[in-house]
Amino acid sequence: MKHRASTRTTTRRTLGLLVITAAVAGIVHQTSVFSVGEVLRGDHRLTTAEKGGSLPGQVTVFDDQYPGVANLEPELLKALRQAATDAADDGVRFYVNSGWRSPEYQRKLLRDAVAKYGSEKEAARWVATPETSPHVSGNAVDIGRSDATAWLSENGARYGLCQIYANEPWHYELRPQAITDGCPPMYPDPSHDPRMRR
Ligand SMILES: [Zn+2]
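Residues numbered from 1 in each chain as written. Predicted model: local features only at pLDDT ≥ 70, side-chain atom pairs only at ≥ 80, totals over all residues. Heavy atoms only, no water.

## Section: the layout of surface pockets
Over the atoms rolls a probe the size of a water molecule, and in doing so it shows where empty space is left.
Piece 1. Approximately 440 Å³ is the volume found for the largest pocket.
Piece 2. Lining the largest pocket we find 23 residues, and of these Arg101, Trp126, Val127, Asp142 and Glu168 sit closest to its centre.
Piece 3. Sorting the residues of the lining of the largest pocket by element identifies strand 1 (95–98) and helix 6 (103–117) as the ones contributing at least two each.
Piece 4. Here the lining of the largest pocket takes seven residues from helix 6, the largest share from any one element.
Piece 5. Of the residues in the lining of the largest pocket, the class split is 12 nonpolar, six polar and five charged.
Piece 6. Roughly 210 Å³ of volume is contained in the second largest pocket. (1 Å grid on protein atoms, 1.4 Å probe; cavity = no way out; pocket = protein on both sides within 12 Å on 5 of 7 lines; lining within 4 Å. Points joined across faces, edges and corners; volume = space filled by probe spheres on them. Helix = DSSP H or I, 4+ residues; strand = E, 2+ residues; numbered from the N terminus. Nonpolar A, V, L, I, M, F, W, Y, C, P; charged D, E, K, R; others polar.)

## Regarding unusual backbone geometry
Piece 1. The omega torsion of the bond from Gly144 to Arg145 falls at -5°, within 30 degrees of zero and hence cis.
Piece 2. Here Arg145 is to be found in the loop between strand 2 (140–144) and helix 8 (146–155).
Piece 3. Here Gln58, not a glycine, exhibits a phi torsion of approximately 65°, which is positive.
Piece 4. In this structure, Gln58 sits in the loop between helix 3 (48–51) and helix 4 (67–70).

## Looking at the coordination of the zinc ion
Piece 1. Of the protein atoms, only His135 (NE2), Asp142 (OD) and His171 (ND1) coordinate the zinc ion, at distances of 2.1 Å.
Piece 2. In terms of primary sequence, the donors binding the zinc ion are separated according to H-x6-D-x28-H.
Piece 3. Classification of Asp142 as buried rests on a relative accessible area of 9%. (Donors = N, O, S within 2.8 Å, 3.2 Å for Na, K, Ca; no water. Buried < 20%, exposed > 50% of the residue type's maximum accessible area, 1.4 Å probe, protein only.)

## Overview of the sheet that holds strand 1
Piece 1. If you walk across this open sheet you meet the four strands as 1-2-4-3, and the pairing is antiparallel. The strands lining the two open edges of the sheet, one partner per strand, are strand 1 and strand 3 (161–163). Here the strands of the sheet are splayed against their neighbours by 45° on average, with no regard to which way each runs.
Piece 2. Judged from the three bridges that link them, strand 3 and strand 4 (residues 171–174) form a sheet pairing that is antiparallel. If you follow Gln163 over to strand 4, its bridge partner there is Tyr172.
Piece 3. Running over the sheet, helix 8 touches strand 2, strand 3 and strand 4 and is turned about 120° from strand 2. (Pairing = 2+ DSSP bridges. Axes fitted to C-alpha atoms, helices over the stretch in contact; angles between N-to-C directions. Contact = heavy atoms within 4.5 Å.)

## Points about the state of the cysteines
Piece 1. Throughout the structure, instances matching the rule amount to one disulfide.
Piece 2. For Cys162, the disulfide goes to Cys183, at an S-S distance of 2.0 Å. Measuring handedness by torsion sign, the sulfur bridge of Cys162 and Cys183 sits at about -90° and is left-handed. In this pair, Cys162 is assigned in strand 3 and Cys183 in the segment after helix 9 (178–181), connecting sequence segments 21 residues apart. (Disulfide = S-S within 2.5 Å.)

## A few points about the packing of aromatic side chains
Piece 1. Overall, the coordinates contain four aromatic pairs when judged by the stated rule.
Piece 2. Note on Tyr117 and Trp126: the rings are 5.9 Å apart at their centroids and 10° apart in plane angle, and the pair reads as stacked.
Piece 3. For the ring pair Trp151 and Tyr159, a centre distance of 5.9 Å and an interplane angle of 40° mean the geometry is tilted.
Piece 4. Residue classification places Trp151 among the buried residues on the basis of a relative accessible area of 8%.
Piece 5. Among the aromatic side chains, those forming a connected cluster through ring pairs are Phe94, Trp151 and Tyr159. (Phe/Tyr/Trp six-rings, centres within 6.5 Å; stacked < 30°, edge-to-face > 60°.)

Without other data, these values stay purely geometric and don't point to any function.
What follows is the structure, encoded as structure tokens:
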């Protein structure tokens, strides 16, 4: 009897060890789906929408774990970061409401705009196509909040950062010549921009 009891205990212990081993193996296996770099950057936590350029709230120009920020043209991003660093001295923080967008994301925004404004013509005053949007090419950024756009309106030209459309005080693009010549005149809205007529 005594011998059997001890056998049962040993079996139970072995089973327990097996369960623990399996659990550890499971965790290790799950972790190995992501590279160390991905885990450090937090890439695996990005949603499908974020991978296409959608951004959650309160993303700054320094948050390059988001493709919407990281995929901006390097010169634009550099100018934005310089400006944001100087604006911080004035107590102003730049938030990126939208930056780089995948063609699919841009298409979705255009569909939403057509539904909202009732026609393609009216939607074109606000949202470009995937073929023409400077957001898709990584050359445009929509900045918030109003204290940031007010700061940029005053100081952006020094960094080559210019508002392009009169109806979009948040939309900025890089115009390097602005550093010496000031920003070019604005278009009333995107439908007046020759780049949109392709
Ligand atoms: Zn924009």
